[in-house]
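Structural description and commentary
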Amino acid sequence: MTVGGPGPDLEQLVARLSATLDPEERRLLLKEAAAAGAVWDTAERLKVEADRARYQDVDSSLPWSEAIEELGRLAGDGTIIALAKMAEAFTLCDKDRYKEALALFDQASDLFRANGHEMGWARTQIGRTLACMALSRFDEALQRAAEARSILAAHGAEARVAGLDNNLALLLERMNRPAEAIGYSERFLEYQRARGSGYYAAHALSNHALLLWRLGRVQEALAAHHEARERYAALGAEADAAREDANCGGILLALGHYAEAVTTLASARRRLLALGSPYQAALAGVSLVECYVRMGRFRDAIVAAKGLDVELAPFESIVDRVRATVWQALANAGAGQDDTALEILDTLAALVEGRRELSSYKATIDLTRAQLLHGSGRGSEAGPLLDRVAPLLRAAGLAVEAATAQVLRSAILLDEARDVEALQAAGEALATSEREGLDWLGARALHVRGRVEAYRGATSTARTTLSQAIRRLDRVHRRTAWDDRAAFANTAAKLYEDAVALALRADEPNVALYYVERAKARALADHLQGDIDVRPRARDAHSAALIDEMGQLRERLSWLQAARPGLGATNEHLRRAEPVQQSEGSEIERRIAAIWRELQATNPAYRSEAAALDVVADHDDSDVRAAQELLTRVSAELEQGAGTVLLEYFAVGADLVLLVVRGGKADALWLEGACTEIQRLVTLFRLNVTRSAGAVAKGSGVPQGLAANACGILQQMYAVLLRAARPLLEGAGRLIVVPHGAAHHVPFHALHDGVRYLIEDYEVSYTPCADLLGHFTARHALLARQHQPELRGLVLSYSHGGSLKHVEREGQWVADALRGELLAEDRASIAALAARAGETDVMHLATHGTFDPEEPMFSSLHLHDGRLSTLDVFNLELHCSLVTLSACETALGVSGAGDELMGLSRAFLYAGAPSLVLSLWMVEDQSTAALMREFYSALRRGRGKAAALREAQRALLTNEVATDIDVSGPFFWAPFQLIGHAGTL
């Protein structure tokens, strides 16, 4: 065979090499090619084939590198061996094996120079720049790249110059110098676009998009990444397409589209790992950590960041370590670990200290430090730091980071009464946010601007500005999935507090009520009112696999919980095994929670193009109009019950605002210091309840001293929460309470004015937010139309191994009152409940309850075949007018951002129940059984739910029920509260 150039014979060689992997046959083919001459042309043709294979299946590229090296050895040509090592080094870069790649690039460089091949040496530096970049050897890479560029330009190698420009752009981006990088990137992109739509054109577009993003040109960047992804996919370059998905996820994160960002990044990360790109997968993980921090999922962020330390360690990239660890520090700060966060930043600062090429990363670290200092009340230390870093960030072209610094600086300037400078700084950040659609940044900038305007006395202008800030924050919230939104920390709380305070200062209680409602339980309200389905759904193969995995994990968790020995266990090996079981159980719970959130985030309702959660359009008068519409809706609900008054609380710093709605009008009371005082009193009251429960468990009853102490605390709570409002309650017969923060743990119906308990004068019910009253009424009306002439009751009673002695009797009493079905002991199962949930009008669960403050989705009710968790309840399809959870602490939940109560109550409301009866503390089962008998008897007589509960509680209060103990103390009669619809069944 004669090989003379890139003609048919050379193509025949390529075809024959492609057809065999037999080493001896390949060697014979290459030997013939070496003897035929023109070996450099042959080697270059094989290099083209190596590159083509690398883009489609990275591992299939290595045989071509080996073939080039064998050809070089057979021909005795060191330059061809150098070319082979360069080809293999590129392949190792694609496999994220940068240290090995750099060693091969260096061998190739030395061989080219030893053989006097300057062009070969210069070509090698194109790839070597990438390896040095990944290993943070920046100055060395810049120096060699400059020399190589001169050589390539002198030889007229336009394509090679363009390739080197691309890698120089990437290198400068990694050095946090995107403003310098963009020129190189534009030249490479222009060159590739002029030559068609191949792999290099897609590569050019991808890298250019990355720079646009870093420069704050977010919308352009997103469009460019999407186009690059389509090009890669068309070429069959799966790993590159997955990397583009990760890039798109990062931009969705920057835009505040958190649900899309989480799913996009998680999917890209999985695919990159499967395709053998661990480094790119780790970079997607860094963006996920940032996403968790921005959503307030600090515990998840800390765990993920620690895992990334291990993943990134083999690559020795200081830059990536900085990026990951900065977000780890912010996660620690969000979790209240400020000292740990600052220590992390100190370690990072020492890592980059003295490295001129990393100066902009030092600025990023200092920006993070300033955020932490300001958040911990040390703004005087943060201010000078920001003055130093902001110019560095701007000079480097880091527009979003610079704008973040400006927002933070504006808040500090306002604290220092430098309002003119504060307004200017906030305006600069706002311009960036509006140009690029960064709603989270715009909300922060507008918040500060509104505070400046309020400081200057421009109340009306300030209210309009804060309204615009809330709208931007709403857009971010509504692109965030159910549980993630409820965990959202961000700037929401302080923004709403300032808006409420400003509305009250302007004597606009209606508008204040509107802002309070915007701040409370919006995830629950928006999803119920918008009929958004958050249940796990198999929308594709991956989500189906996740659902299967979650099912298997939950089976394992149920087994672990069942195998865990009870308090009286004497089996030594079981006791030794319990810590291991608990550890495995915790790991399983974390994984289940992660799957649950990922499945939620795939819901189409959260995508940027979805209309299901669109916010109100921006108009100057929209808040006033929306506030009046809200007041009208709420007042219409209140008028359905004669003499009904709404009491809505809202925390503003250490104070509470109480909004009293009655007769189509809202009045506002400012309760100074009430928030701090209620937190103190709730702590004391819960301590009293715990001690009372302990005394009752020992059979001694509640000691007189403890009972008197409880009454005293309830009197103090009354003085703080209600005394000022009492004149507004004259003639009222029913109160609907909307608590906030610590007040969720207050039994308002048991507050004592020094003479009487509140329940003696009023019916009392509760709601998460006032705007849900209409939903509860509508849901009840729908169920009432579906009810059979005779109410269908379902009672499940489970004594938890006999530990609840009166549960069986309670279950029988309730079943008799409802004339319903009783499932007791081994019949009281999760399976039985799920099978009957859609055919029951009233459901009563009498059992043991467990509240999990660490992960509220695992708060549960104990039934015969396992634990009915919050997660299980979300999956129920309830048609019950009333659900009663006769167990301990079923009303408790973790109060997330936006005052979302994460626990059983929210799950039952979402599952379709318009009314819930739940407990605020550990209950005593004999008094509970008596209370429930009175409650259901009153319901059967046609009393409304709130009225029936009041009758039952007063019957215990006055000792009118037959029990073996004195049940007149609030510990016995006051734990239960009614949430939702308060009328008849």
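Let me begin by describing the structure that accompanies this report. Sequence order as written defines the numbering, with residues in each chain counted from 1. This being a predicted model, a pLDDT of at least 70 is required before a residue's local features are given, and a value of 80 or more before pairs of side-chain atoms are given or counted; all residues contribute to the totals for chains, interfaces and linings. As a rule here, side-chain values come from all non-hydrogen atoms in the structure, and water together with hydrogens is ignored.

Here the focus is the overall build of the chain. Strands here are runs of E lasting at least two residues and helices are runs of H or I lasting at least four, both read from the DSSP assignment and numbered beginning at the N terminus. Along its length, the chain carries 41 helices and 16 strands. In this setup the radius of gyration rests on C-alpha atoms only. A globule is expected at 2.2 Å times the number of residues raised to 0.38. Over its C-alpha atoms the chain spans a radius of gyration of 34 Å, differing by no more than 12% from the 30 Å that the globule rule assigns to 985 residues. Across its three principal axes, the chain shows a C-alpha extent of roughly 110 × 70 × 50 Å. For the chain, the share of sequence-separated contacts (at least 6 apart) that also reach a separation of at least 24 residues comes to 71%. A 1.4 Å probe and the Shrake-Rupley method give the accessible areas. Residues count as covered only by the protein chains that appear here. For the chain, the computed accessible surface area is about 37000 Å², with 51% contributed by carbon and sulfur atoms. Taken together, the 106 basic and 131 acidic charged side chains of the chain have centroids lying 1 Å from each other. We call two residues in contact when some of their heavy atoms are within 4.5 Å. For this count, His and the chain ends are skipped, Lys and Arg are scored as positive, and Asp and Glu as negative. Lysine's charge is taken at NZ, arginine's at CZ, aspartate's at CG and glutamate's at CD.

Stacked, edge-to-face and tilted are the three classes for Phe, Tyr and Trp ring pairs, Trp counted by its six-membered ring, which pair at centre distances within 6.5 Å; planes under 30 degrees apart are stacked, over 60 edge-to-face, the rest tilted. Applying the stated rule across the entire model yields 14 aromatic pairs. Geometrically, the ring pair formed by Tyr 199 and Tyr 232 is tilted, given 5.6 Å between the ring centres and 55° between the ring planes. Taken together, the residues Tyr 199 in helix 11 (residues 199-214) and Tyr 232 in helix 12 (residues 218-235) connect sequence positions 33 residues apart. Tyr 232 matches Tyr 199 in its accessibility class, with the two residues each being buried. Chaining the aromatic ring pairs together yields one cluster made of Tyr 98, Tyr 279 and Phe 315. Arg 113 extends its terminal NZ or CZ atom over the ring of Trp 121, reaching a point 3.9 Å from the ring centre. Any Lys NZ or Arg CZ that is within 6 Å of a ring centre and within 35 degrees of that ring's normal is treated as a charge sitting over the ring. The ring of Trp 440 has Arg 294 sitting right over it, with the charged end atom 4.2 Å from the ring centre. Classification of residues uses two cut-offs on accessible area relative to the type maximum, computed with a 1.4 Å probe and protein chains only: under 20% is buried, over 50% is exposed, and between them is partly exposed.

Let us now look at helix 23 (residues 439-455). Along its 17 residues, helix 23 runs 24 Å from first to last C-alpha, staying within 8% of the 24 Å computed at 1.5 Å per residue. Buried residues dominate helix 23, accounting for 14 of its 17 residues. Gly 457 occupies a position one or two residues after helix 23 and carries a positive phi of about 90°. Take the residue count of a helix, subtract one, and multiply by 1.5 Å to get its expected span.

Let's shift gears to the sheet that holds strand 11 (residues 866-869). Spatially, 3 strands are ordered 9-10-11 in an open sheet, and the strand pairing comes out antiparallel. Pairing within the sheet leaves two strands with one partner each, and these edge strands are strand 9 (849-850) and strand 11. Each pair of strands is called paired provided DSSP finds at least two bridges between the two strands.

Here we take up the pattern of salt bridges. Note on definitions: salt bridges are taken to be side-chain nitrogens of Lys or Arg within 4 Å of carboxyl oxygens of Asp or Glu. Taken as a whole and judged by the stated rule, the model has 77 salt bridges. With a closest N to O distance of 3.2 Å, Arg 113 and Glu 118 form a salt bridge. Using a relative accessible area of 31% as the deciding quantity, one classes Glu 118 as partly exposed. In this structure, Asp 474 engages Arg 518 in a salt bridge whose closest nitrogen and oxygen atoms are separated by 3.2 Å. Here Asp 474, found in helix 24 (residues 459-477), pairs with Arg 518, found in helix 27 (residues 509-519); they are 44 residues apart in sequence, far enough to count as distant. Residue Asp 474 shares its accessibility class with Arg 518, and that shared class is buried.

Next up on the list: the packing of helix 15 (residues 278-294) against helix 17 (residues 318-334). Angles here are taken between N-to-C directions and fall from 0 to 180 degrees, while the axes themselves are lines fitted to C-alpha atoms, restricted in helices to the stretch in contact. Look at helix 15 against helix 17: their axes get within 9 Å of each other, and the N-to-C directions meet at 25°. The orientation of helix 15 with respect to helix 17, classified from their angle, is roughly parallel. In terms of crossing hand, the pair formed by helix 15 and helix 17 is left-handed. Here Tyr 279, Leu 283, Val 286, Val 289, Glu 290, Val 293 and Arg 294 of helix 15 lie close against helix 17, whose contacting residues are Asp 320, Arg 323, Ala 324, Trp 327, Leu 330 and Ala 331. Each residue gets one of three labels, nonpolar for Ala, Val, Leu, Ile, Met, Phe, Trp, Tyr, Cys and Pro, charged for Asp, Glu, Lys and Arg, and polar for the others, Gly among them. Its residues assigned to classes, the contact of helix 15 with helix 17 comprises 9 nonpolar, no polar and 4 charged. Angles are sorted into four bins: roughly parallel if under 35 degrees, roughly antiparallel if over 145, roughly perpendicular if 65 to 115, and oblique for all others. The handedness criterion is simple: a crossing whose near helix is rotated anticlockwise from the far helix by less than a right angle is left-handed, and one whose near helix is rotated clockwise is right-handed.

Glancing now at the nonpolar core. Formed by 173 residues in total, the largest nonpolar core has its most connected members in Leu 46 and Leu 646. Here Leu 646 is in contact with Val 634, Leu 638, Leu 659, Val 660, Val 661, Ile 736, Val 738, Ala 770 and Leu 773, once residues within four sequence places are set aside. Counting 140 residues, the second-largest nonpolar core is a separate cluster that includes Leu 861, Val 873, Val 917 and Leu 978. Nonpolar cores are built from buried Ala, Val, Leu, Ile, Met, Phe, Trp, Tyr and Cys residues. Side-chain atoms within 4.5 Å join them into one set.

Right, let's talk about the pairing of strand 4 (residues 734-738) for a bit. Burial of strand 4 is extensive: 5 of the 5 residues sit out of reach of the surface. Of the two faces of strand 4, the one holding Arg 734, Ile 736 and Val 738 and the one holding Leu 735 and Val 737 are both buried throughout. In the sheet, strand 1 (residues 644-652) pairs with strand 4 via 5 bridges, with the strands oriented parallel. Counterpart to Leu 647 in the pairing with strand 4 is Val 737. Taken together, the 4 bridges between strand 4 and strand 5 (residues 763-766) define a ladder with parallel strand orientation. Residue Val 737 lies in a different strand from strand 5, and its bridge partner there is Tyr 766.

For Thr 847, the location among the structural elements is in the loop between strand 8 (842-846) and strand 9. Among the polar contacts made by the side chain of Thr 847, one reaches the main-chain carbonyl oxygen of His 862 at a distance of 2.3 Å. Excluding its chain neighbours within four sequence positions, the residues that come into contact with Thr 847 are Tyr 798, Leu 804, Leu 861, His 862, Ser 886 and Ala 887. As used in this structure description, the phrase polar contact means that two N or O atoms lie within 3.5 Å; if the pair is within protein, one of them must be able to donate a hydrogen and the other to accept it, and residues adjacent in sequence are counted only when both atoms belong to side chains.

Below, the discussion takes up the state of the cysteines. Pairs of cysteine sulfur atoms within 2.5 Å are what we label disulfides. Applying the stated rule across the entire model yields 0 disulfides. You can see Cys 248 has no disulfide; the closest cysteine sulfur is in Cys 291, sitting 14 Å from it. A relative accessible area of 4% places Cys 248 in the buried class.

The N-to-C vectors of helix 5 (residues 78-94) and helix 7 (residues 118-134) enclose an angle of 25°; their axes lie 10 Å apart at closest approach. Classed by the angle they form, the pair helix 5 and helix 7 counts as roughly parallel. As for the relative orientation of helix 5 and helix 7, their crossing is left-handed in sense. On helix 7, the residues that touch Leu 83, Met 86, Phe 90 and Cys 93 of helix 5 are Arg 123, Thr 124, Gly 127 and Ala 131. Counted by class, the contact of helix 5 with helix 7 contains 5 nonpolar, 2 polar and 1 charged residues.

Now for helix 3 (residues 39-56). The terminal C-alpha atoms of helix 3 lie 26 Å apart, and with 18 residues this matches the ideal 26 Å at 1.5 Å per residue to within 8%. Every buried residue belonging to helix 3 is among Val 39, Thr 42, Ala 43, Arg 45, Leu 46, Lys 47, Glu 49, Ala 50, Asp 51, Ala 53, Arg 54 and Tyr 55, and all of these are buried.

Attention shifts here to the environment of Thr 602. For Thr 602, the position within the fold is in the loop between helix 30 (572-601) and helix 31 (622-638). By relative accessible area, which is 30% here, Thr 602 ends up partly exposed. Expressed as a C-alpha distance, the spacing of Thr 602 and Ala 481, which sit 121 residues apart in the sequence, is 8.4 Å. Ignoring any residue separated from it by four or fewer positions in sequence, one finds Thr 602 in contact with Thr 263 and Arg 539. For Thr 602, the side chain forms a polar contact with the main-chain oxygen of Leu 599, separated by 2.6 Å.

For Arg 123, the position within the fold is in helix 7. Those residues in contact with Arg 123 that sit more than four places away from it in its chain are Trp 40, Glu 44, Leu 83, Met 86, Leu 152 and Arg 160.

With that settled, the discussion passes to the environment of Pro 768. Note that Pro 768 resides in the loop between strand 5 and helix 34 (773-786). Its relative accessible area of 18% is what places Pro 768 among the buried residues. Residues Pro 768 and Cys 291, spaced 477 residues apart in sequence, show a C-alpha to C-alpha distance of 28 Å. Residues in contact with Pro 768, not counting those within four places in the same chain, are Lys 520, Ala 521, Leu 524, Val 738, Phe 776, Leu 909 and Ile 979.

Remember that the coordinates give geometry; whether it matters functionally is a separate question.
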